[in-house]
Amino acid sequence: NAGVMQNPRHLVRRRGQEARLRCSPMKGHSHVYWYRQLPEEGLKFMVYLQKENIIDESGMPKERFSAEFPKEGPSILRIQQVVRGDSAAYFCASSPRAPGEQYFGPGTRLTVT
Amino acid sequence: EDKVVQSPLSLVVHEGDTVTLNCSYEVTNFRSLLWYKQEKKAPTFLFMLTSSGIEKKSGRLSSILDKKELFSILNITATQTGDSAVYLCACLSGNTPLVFGKGTRLSVIA
């Protein structure tokens, strides 16, 4: 049973470009969460999705950030017009139920130059 | 605002030592507390604690929750260099996102 998959593992973008981060949950998991981790900081919740629905986006910046989890395919976290402050590790987690333990993917390290 | 505080922030021990990591929390609608181990990549799930006073154990690791005093401890006995990592504590509240502490960085030296 494959774990949570994220790609790409590393992403470099210039300021103003768009970043697309993908997450495939574990088999049988329909709950997906995105977290951001800044250097020397803990993981901060961004958004929680179930298939085709955003359940909680209270941790996501109102502008430039969006997320989706379509009926088919991975969940996507999209950051438009990236700025240097967006540089961080973005982790996706999935869960078979809510509330429940969450299993994390390896993360995508975004660097904005 | 929900808060999870871990201590110490970092710790250096010798192989064979026993360590205790602390996690205190102030969370509305608390449901569970979770421990994760993070090496260079994904946080790896260790334990989920929901009931007070019941110890969970996995090999040399064990953890217990005190819902009255709002804290949990993670114990590691006979530490090995492979235990070096950041240990994260997180709380599951009435809403589903996890609230994380900043972690304890454990370094085990031979």
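For the structure itself, look to the data block above.
My aim in this report is to walk through the structure given alongside it, one point at a time. All values derive from a computational prediction rather than experimental measurement.

1. Regarding the interface of chain A and chain B
Alright, step 1. Taken together, the contact pairs 21 residues of chain A with 19 residues of chain B.
Alright, step 2. Considering only the side of chain A, the residues that lose the most area to chain B are Leu 43, Pro 99 and Phe 104 of chain A, jointly responsible for 29% of the buried surface there.
Alright, step 3. Put simply, chain A and chain B have zero salt bridges between them.
Alright, step 4. Counting across the interface, chain A meets chain B through three residue pairs in polar contact (both at pLDDT 80 or more).
Alright, step 5. Secondary-structure elements contributing two or more residues to the side of chain A that touches chain B are strand 4 (31-37), strand 5 (43-50) and strand 10 (103-104) of chain A.
Alright, step 6. Along the lines of polarity and charge, the residues of the side of chain A that touches chain B split into 11 nonpolar, five polar and five charged.

2. Considerations on the pairing of strand 4 of chain A
The side chains of a regular strand alternate between the sheet's two faces.
Residues and elements named next belong to chain A.
Alright, step 1. For strand 4, the buried fraction is high: seven of the seven residues fall into the buried class.
Alright, step 2. Here strand 4 shows two buried faces, one formed by His 31, Tyr 33, Tyr 35 and Gln 37 and the other by Val 32, Trp 34 and Arg 36.
Alright, step 3. Pairing between strand 4 and strand 5: seven bridges, direction antiparallel. Residue pairing in the sheet places Tyr 33 in a bridge with Tyr 48 of strand 5.
Alright, step 4. Hairpin remark: strand 4 followed by strand 5, antiparallel, with five residues in the connecting loop; positive phi at Glu 40, about 65°.

3. Quick word on the packing of aromatic side chains
Alright, step 1. Scanning all chains against the criterion turns up 10 aromatic pairs over all chains.
Alright, step 2. Both rings, one in Tyr 25 of chain B and one in Phe 30 of chain B, keep their centres 4.5 Å apart while their planes meet at 15°; by these two values the pair is stacked.
Alright, step 3. Ring-pair connections join several aromatic residues into one group, and the members of that group are Tyr 35, Phe 45, Tyr 103 and Phe 104 of chain A together with Tyr 36, Phe 45 and Phe 100 of chain B.

4. Considering the sheet that holds strand 3 (residues 19-26) of chain B
All names here are of chain B.
Alright, step 1. Read from one edge to the other, the open sheet built from five strands follows the order 1-3-8-7-6, with strand pairing classed as antiparallel. Strands with a single pairing partner mark the edges of an open sheet, and in this sheet they are strand 1 (3-7) and strand 6 (56-58). Recorded for the sheet is a direction-independent mean angle of 15° between the axes of neighbouring strands.
Alright, step 2. Looking at chain direction, strand 1 and strand 3 are connected through five bridges and run antiparallel.

Reading the values: rules and limits
- The written sequence of each chain sets the order in which its residues are numbered from 1.
- All chains are assigned letters beginning with A, and all ligands numbers beginning with 1, in the order in which they are written.
- Local features in this predicted model are restricted to residues whose pLDDT is 70 or higher, and side-chain atom pairs enter the listing and the counts only when it is 80 or higher, whereas totals over whole chains, interfaces and linings include all residues.
- To get the side-chain values, all heavy atoms of the structure are used, and hydrogens and water are removed first.
- Should any heavy atoms of two residues lie within 4.5 Å, those residues are considered in contact.
- Note on definitions: buried area is the accessible-area loss of two parts on being combined, 1.4 Å probe, summed for both.
- By definition here, a salt bridge exists when the distance from a side-chain nitrogen of Lys or Arg to a carboxyl oxygen of Asp or Glu is within 4 Å.
- By the criterion applied in these results, polar contacts are pairs of N or O atoms within 3.5 Å in which, for protein atoms, one can donate a hydrogen and the other can accept it, and in which residues neighboring in sequence qualify only through two side-chain atoms.
- Helix numbering and strand numbering both begin at the N terminus, where a helix is a DSSP run of H or I of at least 4 residues and a strand a DSSP run of E of at least 2.
- For this classification, the nonpolar set comprises Ala, Val, Leu, Ile, Met, Phe, Trp, Tyr, Cys and Pro, the charged set comprises Asp, Glu, Lys and Arg, and every other residue, Gly included, is treated as polar.
- To sort residues, take the accessible area from a 1.4 Å probe on protein chains only and compare it with the maximum for the residue type: under 20% means buried, over 50% means exposed, and anything in between is partly exposed.
- One bridge is not enough; two strands pair if DSSP finds at least two bridges between them.
- When the centres of two rings from Phe, Tyr and Trp lie within 6.5 Å, Trp using its six-membered ring, the rings pair. Their planes under 30 degrees apart give stacked, over 60 give edge-to-face, and anything left gives tilted.
- Where helices are involved, their axes are fitted lines through C-alpha atoms of the stretch in contact, as for all axes, and angles between N-to-C directions lie from 0 to 180°.

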